[in-house]
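Report on the structure
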Protein chains: 2
Amino acid sequence: MTTGEIDGAAGRAPRLADVARIAGVSVSTASRALSRPEMVAAGTRERVAAAAERVGFRFHPSARALTTGRTGLLALCVPTLANPLYAPVVEGAQRAAEEIGNEILVVVGEGSAEREFGLFERLRDQVDGFIAVRPHGGERALADLRRGKPLVVVNRRMRGVSSVVFDTPGGLREIAERLTALGHRRVAYIGGPEGSWMDPMRRAALEWPLTEAGGTVVTLGPYPPTFESGMDAAGELLTTGSTAAVAYNSMTLLGLLHRLTVLGVRVPDDLSLACADDLTGVGLAHPDIMALHVPAQDAGELAVRELMAEIDARAAGHDARPRHRVIPVDLVGGDAAAPPPPRPAPPEEALA
Amino acid sequence: MTTGEIDGAAGRAPRLADVARIAGVSVSTASRALSRPEMVAAGTRERVAAAAERVGFRFHPSARALTTGRTGLLALCVPTLANPLYAPVVEGAQRAAEEIGNEILVVVGEGSAEREFGLFERLRDQVDGFIAVRPHGGERALADLRRGKPLVVVNRRMRGVSSVVFDTPGGLREIAERLTALGHRRVAYIGGPEGSWMDPMRRAALEWPLTEAGGTVVTLGPYPPTFESGMDAAGELLTTGSTAAVAYNSMTLLGLLHRLTVLGVRVPDDLSLACADDLTGVGLAHPDIMALHVPAQDAGELAVRELMAEIDARAAGHDARPRHRVIPVDLVGGDAAAPPPPRPAPPEEALA
DNA sequence: GCGGTTGCAGCAACCGATTGCAGCCATCGT
DNA sequence: ACGATGGCTGCAATCGGTTGCTGCAACCGC
């Protein structure tokens, strides 16, 4: 509760000099006792620690940054905060940074490479490194950026820059396998937004097990990842004669589910559904729907750890080789998944 | 494209000393020319500016912070990033901060007063001020916090601390007026999460015009603000004999709409719907549904401006008196709003 | 024409830490 | 017992700006 102004000129925050005076050592010794304990005799170290504790000493971040060249700030750039996928990434990163006494500076790239680089440029000497979530910049530009400051990319893989990606394709493959095992042969894929880097990957992941079983994937879209899109896609979907549909996104899935229900299509009896994330909790709420639980927090944490490793390595002279981490996703729900209906799904009258 | 290493010892970022040397003035003059132009003769000022431009000079943030005591960082604490209401607040704040060369440090309070204060404490001497969005801490504690650093509160009003709030109650009153004008007399309110500060306000705002017209508000809940909750609330709603329902939140409204549709209740013929925000776009997508468009970006921007005013005032000695800003909300949709059905809505058989 | 402003620029101290180097003392080897 | 070694500690320079104070010169009015 007290602000800790026990000794020293009251009102001012305690400085290292105050601690040193109280502990009866020089400022340099106090500095070392606190930040490089192994360089100081045990007794001294404890006296300094006690003094620091007593006055509630805390390093002045700017002063420290000035000499060490490290600010304790990590920039995290996300395309938007409106997409609920990124919220847990940010929170995970924050947690990880917090644990090691760093802070995350979140900035929003708004899906524009130009703005992204503008931000990086502006923050260049204010942060120790960058995390770019689903960056829109070109590979060259990002590699250049990395030359200046350590960089970790999330949700996109590229050579020469450390990355953290989800194994969503793996999850989709699993979904596809489940569906084919159940007997589905014609599966619709409700595509994601135009220009999505991941969209083709996802489609491909879905396609593999299906074609192997002699089935087909019908691609719909592109659609923006919204509830509305799901509703829009429903009509198109029913014309395809698919017995199952996989949505790019769980928000889209909700819209799809809504419109299908209105049209009298029963899930999963007439049509099986699945989606590539689990941000709205569909997977848990509807056991008949398959969803992929994406541990986005882990990605944030991992990215921070990876970034710190690069920062430390660079500070120590030896530039770290980029590493690529893949985070597995979990198939949730689908316990009540159903085989395809005896006859192709869409009851014609439902289209009225 | 070039990093701007034109003169000086290549590789190192240019310092003020480099600029001074090139411009042929002392470091102090260079400093003043750039940060307090009015203290320097026009000619000198231009020479310095030109030199700075030429070498791509930028102030070293930490060095500057060390002497001025201002870091250019503003902490913004939100309860969570998962709630889409806060995303635009953050983005608005970021925009505003960016314009004046500051950065926003976003932190997540996770709805815990304890964590909130822990964060504030940790960031105390790293930022110039705080913005607390929907803070959970007690009034006393927040007022204390303000004594230490400038503080602006968003989405909560309290004495002694500047605030920015939405006029959601005003919007709800408008909705209530529209409903009563259409002839509705029994309106259900799907309550928000337990412990919500705003929930009673919203209910009250709804109640006023209704009781004045001789009607009633039936309160349901509390419900967490999710799609699921809406689905859950549908059943309860139908037992109340209401002819209209207002949801705390648009996500809940979507769930409600979904379940109602499944149950065969037509909107708005059997039941009119409205909700207190517009984050999922319902208001635009369903012209028969009334929603409140909440300009959350504006709140973020306004909060930053207010905070900067307090920071500057405090730096100048005279402590600013707290100000309270109210941001109007817009009623969107509802163009196709309907009067109550001839007989109370819930077709008994729908409850089966 | 002279004392008194006024405007502009520079010197040097300072913000709060870190760190290379030097000095000190104790311990060790022989 | 004496020089060498090594572990601790302190001095002072440094990081990159800011700012109070001083000094200089041009300009003012009388």
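Note: the structure precedes this text.
Source: prediction; values computed, not measured. (Residues numbered from 1 in each chain as written. Chains lettered and ligands numbered in written order. Predicted model: local features only at pLDDT ≥ 70, side-chain atom pairs only at ≥ 80, totals over all residues. Heavy atoms only, no water.)

**Quick word on helix α13 (residues 296–315) of chain B**
All names here are of chain B. For clarity, the threshold we go by: Labels follow the DSSP assignment, with helices taken as runs of H or I lasting at least four residues and strands as runs of E lasting at least two, numbered in each case from the N terminus. How far a helix is expected to stretch is found by multiplying one less than its residue total by 1.5 Å. Only protein chains enter the accessibility calculation, which uses a 1.4 Å probe; a residue is then buried when its area is under 20% of its type maximum, exposed when over 50%, and partly exposed in between.
With 20 residues, α13 extends 29 Å between its outermost C-alpha atoms, agreeing within 8% with the 28 Å of an ideal straight helix rising 1.5 Å per residue. For α13, every residue scored as buried is listed here: Ala 296, Ala 299, Gly 300, Leu 302, Ala 303, Val 304, Glu 306, Leu 307, Met 308, Glu 310, Ile 311 and Ala 313. Once α13 finishes, Gly 317 follows within two positions and takes phi at roughly 105°, a positive value.

**Observations regarding the sheet that holds strand β12 (residues 330–333) of chain A**
Residue and element names in this part refer to chain A. Operational definition: Each pair of strands is called paired provided DSSP finds at least two bridges between the two strands. Angular values range over 0 to 180 degrees, each being the angle between N-to-C directions of two axes fitted as lines to C-alpha atoms, with helices fitted over their stretch in contact. What makes two residues a contact is simply this: any of their non-hydrogen atoms within 4.5 Å.
Sheet architecture is open: 6 strands sit in the order β7-β6-β8-β9-β10-β12, paired in mixed fashion. In this open sheet, the two strands that pair with only one neighbour each are β7 (216–220) and β12. Neighbouring strand axes in the sheet, compared pairwise and without regard to direction, differ in orientation by 25° on average. With 5 bridges connecting them, strand β6 (residues 186–190) and β7 associate as parallel partners. Within β7, the residue paired with Arg 186 across the bridge is Thr 216. Most of the contacts of helix α11 (residues 250–262) go to strand β9 (residues 272–275), to which it runs at about 160°, and overall it touches β6, β8 (244–247) and β9.

**Considering helix α7 (residues 139–148) of chain B**
Residues and elements named next belong to chain B. The following threshold applies: An arc is given here, and it is the one of the directions from the helix axis to the C-beta atoms.
By the burial criterion, the buried members of α7 are Leu 142, Leu 145 and Arg 146. Each buried residue of α7 lies within a common arc of 100° when the element is viewed along its axis, so the set occupies one face. Exposed side chains of α7 directed beyond 90 degrees from the buried face belong to Arg 140, Arg 147 and Gly 148.

**Thoughts on the interface of chain B and chain A**
Often, the extent of an interface is quoted as the loss of accessible area upon association of its parts. Formally: Two parts placed together each lose some accessible area; with a 1.4 Å probe, that loss summed over both constitutes the buried area. We define a salt bridge as a side-chain nitrogen of Lys or Arg found within 4 Å of a carboxyl oxygen belonging to Asp or Glu. For this analysis, a polar contact is any N or O atom pair within 3.5 Å, provided that within protein one partner can donate a hydrogen and the other can accept it, and provided that sequence-adjacent residues contribute only side-chain to side-chain pairs. Residue polarity follows a fixed list, in which Ala, Val, Leu, Ile, Met, Phe, Trp, Tyr, Cys and Pro are nonpolar, Asp, Glu, Lys and Arg are charged, and the others, Gly among them, are polar.
Taken together, the contact pairs 46 residues of chain B with 46 residues of chain A. Of the roughly 4,000 Å² buried between chain B and chain A, counting both surfaces, carbon and sulfur atoms make up 53%. Among the residues of chain B in contact with chain A, Arg 58, Leu 81 and Glu 103 of chain B are the three that bury the most area, contributing 15% of the side total. Of the charged contacts in the structure, one is a salt bridge between Glu 110 of chain A and Arg 95 of chain B, with a shortest N-O distance of 2.9 Å. The tally of links from chain B across to chain A stands at 20 residue pairs in polar contact (both at pLDDT 80 or more). Every element with two or more residues in the side of chain B that touches chain A is listed here: α4 (61–68), α5 (86–99), β2 (103–108), α6 (113–123), α10 (227–238) and α11 (250–263) of chain B. Among the residues making up the side of chain B that touches chain A, the classes are represented as 23 nonpolar, 11 polar and 12 charged.

**Topic: the relation of the copies chain B and chain A**
In this structure, two copies of a chain are linked by a rotation about an axis accompanied by a shift along it. Stated precisely, the cut-off is as follows: Copy-to-copy superposition: least squares on the C-alpha atoms, limited to residues that have pLDDT of at least 70 in both copies.
Mapping chain B onto chain A leaves a residual RMSD of 0.2 Å; the transformation is a rotation of 180° accompanied by 0.0 Å of translation along its axis. In the structure described here, the two chain copies are related by an operation that fits a two-fold rotation axis. In this assembly, 100% of the residues forming the interface of chain B have copies in chain A that are likewise at the interface, indicating an isologous arrangement.

**Description of a negative patch on the surface**
All names here are of chain A. As a reminder, the rule being used: Only residues whose relative accessible area exceeds 30% and that take part in no salt bridge are eligible for patches, with like-charged residues grouped when within 9 Å of each other and nonpolar side chains (Val, Leu, Ile, Met, Phe, Trp, Tyr) grouped when within 5 Å. Note that accessible areas follow from Shrake-Rupley with a 1.4 Å probe, and for residues the cover is restricted to the protein chains shown. Residues scored as charged are limited to Lys and Arg (positive) and Asp and Glu (negative), so that His and the chain ends carry no count. Every charge is mapped to an atom, namely NZ of Lys, CZ of Arg, CG of Asp or CD of Glu.
Together, Glu 174, Glu 177, Glu 212 and Asp 330 make up a negatively charged patch on the protein surface. Note on placement: Glu 174 falls in helix α8 (residues 168–182). Overall, the relative accessible area of 34% leaves Glu 174 in the partly exposed class.

**Some details on empty space enclosed by the protein**
Over the atoms, a rolled probe matching the size of one water molecule traces out where space is still vacant. Applied cut-off: A pocket, in this scheme, is an open set of points on a 1 Å grid over the protein atoms alone with protein on both sides within 12 Å along at least 5 of 7 lines, while a cavity is a set where a 1.4 Å probe fits but cannot get out; residues line either one if an atom lies within 4 Å of a point. Grid points are joined across faces, edges and corners, and a volume is the space filled by probe spheres set on the points.
This structure, assessed with the given rule, holds 2 cavities of 30 Å³ or more. By volume, the largest cavity is sized at about 180 Å³. Looking at the largest cavity, it is lined by 13 residues, and the ones nearest its centre are Ser 62 and Leu 73 of chain A together with Ser 62, Thr 71 and Leu 73 of chain B. Going through the elements one at a time, α4 (61–68) of chain A together with α4 of chain B are the ones with two or more residues in the lining of the largest cavity.

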